[in-house]
Amino acid sequence: LRVIQNRLYLLFGELESVLEGMDSYSWHVDEELSATALEQWGEAHRLLGDLDTARARYDDAITILGRLSNQIVNFHVKRGHTYGLAADHAEAEREAILAQYQVDVYRGEMENNRGQHRQAQVYLNGALELARSVKDERREARANHLLTVATGNLGDLEGARAFAKAAMDYYEKVGDRLRLLIAH
């Protein structure tokens, strides 16, 4: 709820409202949602001109996402190794692709958090193509959602709408109302 409220506050320029209560927020350090809240916190500080605090919040978000990404990549490598041991090379290759997908998503999120939206698009488009290559609709939706943000931040509202629609179509199809709301 806090992330949704903060997104609305940022859209309406109510930057001080984003900052209210963030110091006392109960952080779950292994959650993507916490990284998003930290990004919003940083964004409010950046827009208010407090660049040092903004960078610190972005760094906190990057730390969370980095830890999660490392864990995911390691699990894909381990899964791939088990497929390799079983001589299932197609599945071992799929795990390698999913590991690379995760790295590209992480790098895209990191670049987005740094304000490098064009570079974020490069990584996220790569992630989208990897997800498509293994026919993983959930990961495609995730990449589309992140591309919505990067593309929108570059001012390409038509492109952002197309990515958002693709993500929302998937979330609607699988009945994920929370992600549907967040992607909206």
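Structure report, in brief. This structure is a prediction, so every number in the text was calculated from the model and none was measured.

This brings us to the packing of helix H3 (residues 32-47) against helix H4 (residues 51-85). Where H3 meets H4, the closest approach of the two axes is 7 Å, and the angle between their N-to-C directions is 165°. With respect to H4, the axis of H3 lies roughly antiparallel. Considering how the two elements wind past one another, H3 and H4 form a crossing that is left-handed. Judged by residue contacts, Glu-32, Ser-34, Ala-35, Leu-38, Glu-39, Trp-41, Gly-42, Glu-43, His-45 and Arg-46 of H3 engage Leu-51, Thr-53, Ala-54, Arg-57, Tyr-58, Asp-60, Ala-61, Ile-64, Leu-65 and Leu-68 from H4. Looking at side-chain class alone, the contact of H3 with H4 contains ten nonpolar, four polar and six charged residues.

Attention now moves to the environment of Leu-124. In this structure, Leu-124 sits in helix H6 (residues 117-133). Separated by 85 residues in the primary sequence, Leu-124 and Glu-39 place their C-alpha atoms 18 Å from one another.

In this section: the pattern of salt bridges. Using the criterion set out here, one finds twelve salt bridges in the structure. With a closest N to O distance of 3.6 Å, Glu-111 and Arg-114 form a salt bridge. By relative accessible area, Glu-111 is classed as buried at 10%. As a salt-bridge pair, Glu-158 and Arg-161 come within 3.0 Å of each other at their nearest N and O atoms. Residue Glu-158 and its partner Arg-161 are located together in helix H8 (residues 157-174), separated by three residues, close to a single helical turn. Here the salt bridges do not stand alone but share partners, grouping Arg-94, Asp-136 and Arg-139 into one network.

Okay, the nonpolar core next. With 17 residues, the main nonpolar core has Ala-35, Leu-38, Trp-41, Ala-44, Ile-64 and Tyr-106 as its most contacted residues. Of all elements in the fold, only helix H2 (15-19), H3, H4 and helix H5 (89-113) reach the threshold of two or more residues within this core. Among the nonpolar cores identified, the runner-up in size contains 16 residues, and Ala-120, Leu-124, Leu-128 and Ala-143 belong to it.

A few words on the packing of aromatic side chains. Applying the stated rule across the entire model yields one aromatic pair. Centroid distance Tyr-170 to Tyr-171: 5.8 Å. Interplanar angle 65°. Geometry classified as edge-to-face.

With that settled, consider unusual backbone geometry. At Lys-135, a position not held by glycine, the phi torsion is positive, near 55°. Here Lys-135 lies in the loop between H6 and helix H7 (137-153).

Attention shifts here to H3. For H3, which comprises 16 residues, the first-to-last C-alpha distance of 23 Å matches the rise-based estimate of 22 Å (1.5 Å per residue) to within 8%. Three or more residues of H3 are buried, namely Ser-34, Ala-35, Ala-37, Leu-38, Gln-40, Trp-41, Gly-42, Ala-44 and His-45. Next to the buried residues of H3 lie helix H1 (2-11), H2 and H4. A positive phi of about 90° marks Gly-49, the residue just after H3.

Right, let's talk about H4 for a bit. Look at H4: 50 Å from first C-alpha to last across 35 residues, which is about the 51 Å you get at 1.5 Å a residue. With its phi angle positive at about 60°, Ala-87 sits one or two positions after the end of H4.

When you line up the elements, Glu-91 lands in helix H5. Residue Glu-91 is classed as partly exposed on the basis of its relative accessible area of 26%. The spatial distance from the C-alpha of Glu-91 to the C-alpha of Gly-80 is 6.9 Å, given a sequence separation of eleven residues.

About the thresholds
- Residues numbered from 1 in each chain as written.
- Predicted model: local features only at pLDDT ≥ 70, side-chain atom pairs only at ≥ 80, totals over all residues.
- Heavy atoms only, no water.
- Axes fitted to C-alpha atoms, helices over the stretch in contact; angles between N-to-C directions.
- Helix = DSSP H or I, 4+ residues; strand = E, 2+ residues; numbered from the N terminus.
- Parallel < 35°, antiparallel > 145°, perpendicular 65-115°, else oblique.
- Left-handed = near helix turned anticlockwise from the far one by under 90°.
- Contact = heavy atoms within 4.5 Å.
- Nonpolar A, V, L, I, M, F, W, Y, C, P; charged D, E, K, R; others polar.
- Salt bridge = Lys/Arg side-chain N within 4 Å of Asp/Glu carboxyl O.
- Buried < 20%, exposed > 50% of the residue type's maximum accessible area, 1.4 Å probe, protein only.
- Core = buried A, V, L, I, M, F, W, Y, C linked by side-chain atoms within 4.5 Å.
- Phe/Tyr/Trp six-rings, centres within 6.5 Å; stacked < 30°, edge-to-face > 60°.
- Expected span 1.5 Å × (residues − 1).

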